[in-house]
Amino acid sequence: MTNLLTSGVKKYAEIGEQMVQHEKKRRQEMRQKKFDTIAVHGLYGIQEAFENQGSIIEPTFLSFAQYFENSDHLEAALAYYMPNWGYTRIANPTVYYLE
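Figured I'd write up the structure that's included with this text. Since the structure is predicted, the reported quantities are computational estimates derived from the model, not experimental observations. (Residues numbered from 1 in each chain as written. Predicted model: local features only at pLDDT ≥ 70, side-chain atom pairs only at ≥ 80, totals over all residues. Heavy atoms only, no water.)

### Description of the side chain of Arg-26
By secondary structure assignment, the location of Arg-26 is in helix H1 (residues 7-31). You can call Arg-26 buried: its relative accessible area is 17%. In contact with Arg-26, other than residues within four places in its own chain, are His-41, Gly-42, Leu-43, Tyr-44 and Gly-45. (Helix = DSSP H or I, 4+ residues; strand = E, 2+ residues; numbered from the N terminus. Buried < 20%, exposed > 50% of the residue type's maximum accessible area, 1.4 Å probe, protein only. Contact = heavy atoms within 4.5 Å.)

In C-alpha coordinates form, the structure reads like this:
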(Lines give C-alpha, C1' and ligand atoms only; values in the text may rest on other atoms or scores of the structure.)
Protein backbone atom coordinates (compact mmCIF):
# COMPACT_ATOMS: atom_id res chain seq x y z
CA MET A 1 0.00 0.00 0.00
CA THR A 2 1.31 3.42 -0.83
CA ASN A 3 1.10 6.61 1.16
CA LEU A 4 -1.07 8.08 -1.60
CA LEU A 5 -4.18 6.34 -0.29
CA THR A 6 -6.75 8.37 1.53
CA SER A 7 -7.58 7.49 5.12
CA GLY A 8 -10.93 6.09 3.98
CA VAL A 9 -9.32 3.72 1.46
CA LYS A 10 -6.73 2.68 4.07
CA LYS A 11 -9.59 1.81 6.43
CA TYR A 12 -11.10 -0.54 3.86
CA ALA A 13 -7.68 -1.97 3.01
CA GLU A 14 -7.25 -2.84 6.70
CA ILE A 15 -10.70 -4.44 6.75
CA GLY A 16 -9.69 -6.42 3.67
CA GLU A 17 -6.55 -7.64 5.40
CA GLN A 18 -8.64 -8.80 8.36
CA MET A 19 -10.95 -10.65 5.95
CA VAL A 20 -7.98 -12.40 4.34
CA GLN A 21 -6.56 -13.38 7.74
CA HIS A 22 -9.95 -14.72 8.84
CA GLU A 23 -10.16 -16.87 5.72
CA LYS A 24 -6.62 -18.20 6.21
CA LYS A 25 -7.44 -19.09 9.81
CA ARG A 26 -10.66 -20.83 8.77
CA ARG A 27 -8.80 -22.82 6.09
CA GLN A 28 -6.27 -23.97 8.69
CA GLU A 29 -9.07 -25.02 11.04
CA MET A 30 -10.86 -26.95 8.32
CA ARG A 31 -7.68 -28.76 7.24
CA GLN A 32 -7.77 -30.50 10.62
CA LYS A 33 -11.22 -31.95 9.88
CA LYS A 34 -12.16 -35.12 8.05
CA PHE A 35 -13.22 -34.98 4.41
CA ASP A 36 -16.91 -35.45 5.21
CA THR A 37 -16.92 -32.46 7.56
CA ILE A 38 -15.15 -30.30 5.01
CA ALA A 39 -17.58 -31.39 2.31
CA VAL A 40 -20.54 -30.33 4.45
CA HIS A 41 -19.17 -27.10 5.90
CA GLY A 42 -16.48 -25.84 3.57
CA LEU A 43 -15.27 -22.44 4.72
CA TYR A 44 -18.77 -21.31 5.62
CA GLY A 45 -18.94 -20.87 9.37
CA ILE A 46 -21.02 -19.15 12.04
CA GLN A 47 -19.49 -15.73 11.33
CA GLU A 48 -20.48 -15.96 7.69
CA ALA A 49 -23.96 -17.12 8.70
CA PHE A 50 -24.40 -14.03 10.86
CA GLU A 51 -23.26 -11.85 7.97
CA ASN A 52 -25.80 -13.54 5.66
CA GLN A 53 -28.93 -12.94 7.76
CA GLY A 54 -28.46 -16.16 9.73
CA SER A 55 -28.36 -18.45 6.71
CA ILE A 56 -27.21 -21.89 7.87
CA ILE A 57 -25.96 -22.84 4.41
CA GLU A 58 -24.16 -20.80 1.81
CA PRO A 59 -26.62 -18.43 0.20
CA THR A 60 -26.98 -18.19 -3.56
CA PHE A 61 -26.48 -14.67 -4.85
CA LEU A 62 -28.57 -14.10 -7.94
CA SER A 63 -27.97 -10.38 -8.26
CA PHE A 64 -25.36 -8.93 -10.56
CA ALA A 65 -25.36 -5.68 -8.56
CA GLN A 66 -22.82 -5.05 -5.87
CA TYR A 67 -23.08 -2.86 -2.78
CA PHE A 68 -20.38 -0.41 -1.72
CA GLU A 69 -20.72 1.79 1.34
CA ASN A 70 -19.03 4.77 -0.29
CA SER A 71 -16.43 5.72 -2.90
CA ASP A 72 -13.53 4.74 -0.60
CA HIS A 73 -14.97 1.24 -0.28
CA LEU A 74 -15.33 1.02 -4.06
CA GLU A 75 -11.78 2.27 -4.63
CA ALA A 76 -10.28 -0.22 -2.16
CA ALA A 77 -12.25 -3.09 -3.67
CA LEU A 78 -11.38 -2.26 -7.27
CA ALA A 79 -7.70 -1.79 -6.36
CA TYR A 80 -7.71 -5.30 -4.81
CA TYR A 81 -6.89 -3.97 -1.34
CA MET A 82 -9.73 -6.11 -0.03
CA PRO A 83 -11.58 -9.21 -1.20
CA ASN A 84 -14.09 -8.23 -3.82
CA TRP A 85 -16.74 -9.93 -5.88
CA GLY A 86 -16.77 -8.97 -9.51
CA TYR A 87 -20.11 -10.66 -10.21
CA THR A 88 -18.66 -12.24 -13.28
CA ARG A 89 -18.78 -15.88 -14.23
CA ILE A 90 -15.59 -16.61 -12.30
CA ALA A 91 -15.57 -14.30 -9.29
CA ASN A 92 -18.77 -14.19 -7.28
CA PRO A 93 -19.90 -15.44 -3.85
CA THR A 94 -21.90 -18.37 -5.23
CA VAL A 95 -18.94 -19.78 -7.16
CA TYR A 96 -16.63 -19.10 -4.18
CA TYR A 97 -18.77 -21.16 -1.81
CA LEU A 98 -19.26 -23.89 -4.40
CA GLU A 99 -15.50 -24.21 -4.84
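### Here we look at the packing of H1 against helix H4 (residues 71-78)
Contact geometry of H1 with H4 gives a least axis separation of 8 Å together with a crossing angle of 55 degrees. With respect to H4, the axis of H1 lies oblique. Like other packed secondary-structure pairs, H1 and H4 cross with a definite hand, here right-handed. Residues Gly-8, Val-9, Tyr-12 and Ala-13 of H1 form the contact with H4, whose own contacting residues are Asp-72, His-73, Glu-75 and Ala-76. Across the contact of H1 with H4, the residue classes break down as 4 nonpolar, 2 polar and 2 charged. (Axes fitted to C-alpha atoms, helices over the stretch in contact; angles between N-to-C directions. Parallel < 35°, antiparallel > 145°, perpendicular 65-115°, else oblique. Left-handed = near helix turned anticlockwise from the far one by under 90°. Nonpolar A, V, L, I, M, F, W, Y, C, P; charged D, E, K, R; others polar.)

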